[in-house]
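Residue-level structure breakdown
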Amino acid sequence: MMMRLHLAAVLTGCFLDLCFGDPRWLWHPVCGIGSLISWLEKKLREMFPKGEVGERRAGLWLVILVLLITGTVSGAILWTSYFFSPYAGFLIESIMCGQMMAWRSLREESMKVYKAFSNGDVEGARQAVSMIVGRDTKILSEEGITKAAVETVAENTSDGIIAPLLFMAFFGGVGVYLYKAVNTMDSMVGYKNERYLWFGRAAAKLDDACNFIPARLSAALMIGAGYMCQLFYGIRNKRNPYRGRNGLVIFKRDRFNHKSPNSAQTEAVCAGALQIQLAGNACYFGKLYEKPTIGDAVRPVEYEDIPRANCLMTVTYVLALIPVFLLFLIVF
């Protein structure tokens, strides 16, 4: 009974994300987690001395406290709901899962960049992409804006869709809340700059560990998605932008062309499948960072690659949902 309700909640949550995404009028739990991280960072920095040892300890306590509070609150909500009624628990867990999936919001935000380009509004595209990337966008060319959008779709296919789905399927609503807490900590304090080099080390390492398997599974699924997109488009069509085999080739060659052990996994597949070159040098907080490229510039990057990357992301998502749905049918 509980397994059926749990799997049904996961699938229902995915459906809710498909239909509604993240309505701006609805408070999102990640905002609460973010506020908690900011508050704890301030308090912990006051409690521990400056310097490598003190900041490492403060950062470790940040991870412990954020996970403890997030797990306790989400667990209490879910346990209470199931205690009163299995169906109330199913409803609450469905909402929890739906809020932690990012397929619709990722697609909508990236397509805003595409729509701005389609209308000839380069500044509008620059503004749209600035909402979904951490790098400086003021100096980006049209190609740079497009690459940033495509890279965001490719990378977040793993940590915004496949990883949350895995944590939901195996660990339920509490599990995906804990994953999002780790992910949010990494995005807020996991930088290798002067302020966060030591303080954010524990959060960054934990995020790497949590995403190790999901990133590689996402890449494997995206390789399959590349072949499927190529097939759907027409294998003999010379204008077919997809090359499934090239996605596999570039994945094998460039999957570690990033400081993070996980970020380049899906980016490499996407770059190869679309026959474009991604990554390279980028500016963050006014400072230029030299980064290796991913993929080969078989053809120039164009803004049409944004919906193409979204197609890869969506087919990857569908492939990941199939085993979850089959498991639900088995236990049902």
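Going along each chain's sequence as written, the residues are numbered from 1 onward. In keeping with the model being predicted, local features are shown solely for residues with a pLDDT of at least 70 and side-chain atom pairs are shown and tallied solely at 80 or more, while totals for entire chains, interfaces and linings include all residues. Only hydrogens and water are set aside; all other atoms, that is, all heavy atoms of the structure, feed into the side-chain values.

A separate point is a nonpolar patch on the surface. On the surface, a cluster of nonpolar side chains totalling about 440 Å² of accessible area is made up of Val318, Ile322, Phe325, Leu326 and Leu329. Segments assigned H or I by DSSP are reported as helices when at least four residues long, segments assigned E as strands when at least two residues long, and all are numbered from the N terminus. Its place among the elements puts Phe325 in helix α11 (residues 305-331). Distance thresholds for patches are 9 Å for like charges and 5 Å for nonpolar side chains (Val, Leu, Ile, Met, Phe, Trp, Tyr), applied to residues having over 30% relative accessible area and no salt bridge. All accessible-area figures derive from a Shrake-Rupley calculation using a 1.4 Å probe, and residue coverage is judged against the displayed protein chains alone. In what follows, salt bridge is the name for a side-chain nitrogen of Lys or Arg lying within 4 Å of a carboxyl oxygen of Asp or Glu.

Turning our eyes to something else, we now look at the UniProt feature "transmembrane region" (unreviewed entry) in the chain. UniProt positions are given in the numbering used here, feature names are shortened, and annotations may be inferred rather than shown by experiment. Look at the UniProt record and you will see "transmembrane region" (unreviewed entry) annotated at residues 58-84, 161-179, 215-235 and 309-331. Measuring from the first to the last C-alpha atom of residues 58-84 gives 39 Å, for a span that is 100% helix and 0% strand. With 100% helix and 0% strand, residues 161-179 has end C-alpha atoms that lie 12 Å from one another.

Right, let's talk about helix α6 (residues 122-130) for a bit. The buried label goes to any residue with under 20% of its type's maximum accessible area, the exposed label to any with over 50%, and the partly exposed label to all in between, with areas taken from a 1.4 Å probe on protein chains only. Among the residues making up α6, those that are buried are Ala125, Arg126, Ala128 and Val129. One face of α6 carries all of its buried residues, which in axial projection span an arc of 165°. Of the surrounding secondary structure, the elements contacted by the buried residues of α6 are α5 (103-118) and α7 (142-189). Arc definition: it is the arc formed by the directions from the helix axis to the C-beta atoms. Contacts were defined at the residue level, with two residues in contact if any of their heavy atoms lie within 4.5 Å.

Moving on to the environment of Val269. Residue placement: Val269 occurs in helix α10 (residues 263-274). Take Val269: its relative accessible area is 0%, and that puts it in the buried class. Each C-alpha atom, one on Val269 and one on Ile250, is 6.3 Å from the other, the two residues being 19 residues apart in sequence. Every residue in contact with Val269, bar those within four places of it in the chain, is listed here: Ala219, Met222, Ile223, Gly247 and Phe251.

Of note, Ser81 is situated in helix α3 (residues 52-84). Classification of Ser81 as buried rests on a relative accessible area of 11%. The contacts of Ser81, once residues within four sequence positions are left out, are Ala88, Gly89 and Ile92.

Moving on to helix α8 (residues 201-233). It helps to recall that an α-helix has 3.6 residues per turn; residues three or four apart then point in one direction. A maximum bend of about 45° is found in α8 at Asn211, where proline Pro214 lies one to four positions downstream. Just downstream of α8 lies Gly234, where phi reads positive at about 115°. Given a residue, its bend is the angle between the two axes fitted to the seven residues that end at it and to the seven that start from it.

Turning our eyes to something else, we now look at the packing of aromatic side chains. Within a pair of aromatic rings, the relevant descriptors are the distance that separates the centres and the angle that separates the planes. Under the pairing criterion, centres of Phe, Tyr and Trp rings, with the six-membered ring standing for Trp, must be within 6.5 Å; the plane angle then separates stacked pairs below 30 degrees from edge-to-face pairs above 60, leaving the rest tilted. Under the defined criterion, the tally for this structure stands at 10 aromatic pairs. A ring pair is formed by Phe117 and Tyr303, whose centres lie 5.6 Å apart and whose planes are at 20°; its orientation type is stacked. Pair noted here: Phe117 is in helix α5 and Tyr303 is in the loop between β4 (293-294) and α11, with a separation of 186 residues, a long-range link. Its relative accessible area of 31% is what places Tyr303 among the partly exposed residues. Summarising the aromatic geometry, the rings of Tyr233 and Tyr242 are spaced 6.3 Å apart at their centres and angled 70° between planes, so their arrangement reads as edge-to-face.

Let us look at the confidence of the model for the chain. Of the residues in the chain, 96% reach a pLDDT of 70 or more, and the chain-wide mean stands at 92. α3 holds the highest mean pLDDT among the elements of the chain, 96, whereas strand β2 (residues 282-284) holds the lowest, 60. Predictor confidence is given residue by residue as pLDDT, running from a minimum of 0 to a maximum of 100.

This paragraph deals with the side chain of Gln265. Relative to the elements of secondary structure, Gln265 occurs in helix α10. The term polar contact refers here to a pair of N or O atoms within 3.5 Å; inside protein, the definition further demands a hydrogen-donor-capable atom paired with an acceptor-capable atom, and it admits residues adjacent in sequence only when both atoms are side-chain atoms. A polar side-chain atom of Gln265 sits 3.2 Å from the main-chain carbonyl oxygen of Arg255. Those residues in contact with Gln265, other than ones at most four positions away along the chain, are Ala215, Arg216, Ala219, Phe251, Arg255 and Phe256.

Let's shift gears to the packing of helix α2 (residues 29-47) against α3. Lines fitted to C-alpha atoms define the axes here, with helix axes fitted over just the stretch in contact, and angles between the N-to-C directions of these axes take values from 0 to 180 degrees. At their nearest, the axes of α2 and α3 sit 10 Å apart, and the two run at 145° to each other. The interaxial crossing formed by α2 with α3 has right-handed handedness. Across from Ile33, Leu36, Ile37, Leu40, Glu41, Leu44 and Arg45 in α2, the residues of α3 making contact are Glu55, Ala58, Trp61, Leu62, Leu65, Val66, Ile69 and Thr70. Whether a crossing is left-handed or right-handed is set by the direction in which the near helix is turned from the far one by less than a right angle, anticlockwise for left-handed and clockwise for right-handed.

Attention now goes to the pattern of salt bridges. On inspection of all chains with the given rule, the structure shows 12 salt bridges. Across the salt bridge formed by Arg45 and Glu41, the nearest N and O atoms sit 3.0 Å from each other. Taken as a pair, Arg45 and Glu41 lie in helix α2 at a separation of four residues, close to a single helical turn. Relative accessible area serves as the criterion here: at 6%, Glu41 is assigned to the buried category. One salt bridge connects Asp254 with Arg253, and the closest N-O pair in it is separated by 2.8 Å. Assessed through its relative accessible area of 46%, Arg253 is described here as partly exposed.

The next subject is the nonpolar core. Counting 67 residues, the largest nonpolar core has Val113, Ile161, Leu165, Met168, Cys270, Leu312 and Tyr317 as its most contacted members. The element best represented in this core is α7, accounting for 12 residues. When near neighbours in sequence (up to four residues on either side) are disregarded, Cys270 contacts Val150, Ala154, Met222, Ala309 and Leu312. Nine residue types can take part in a nonpolar core, namely buried Ala, Val, Leu, Ile, Met, Phe, Trp, Tyr and Cys, and a core is a set of them joined through side-chain atoms within 4.5 Å. One finds Leu40, Leu44, Val189 and Cys210 within the second-largest nonpolar core, a separate group that totals 20 residues.

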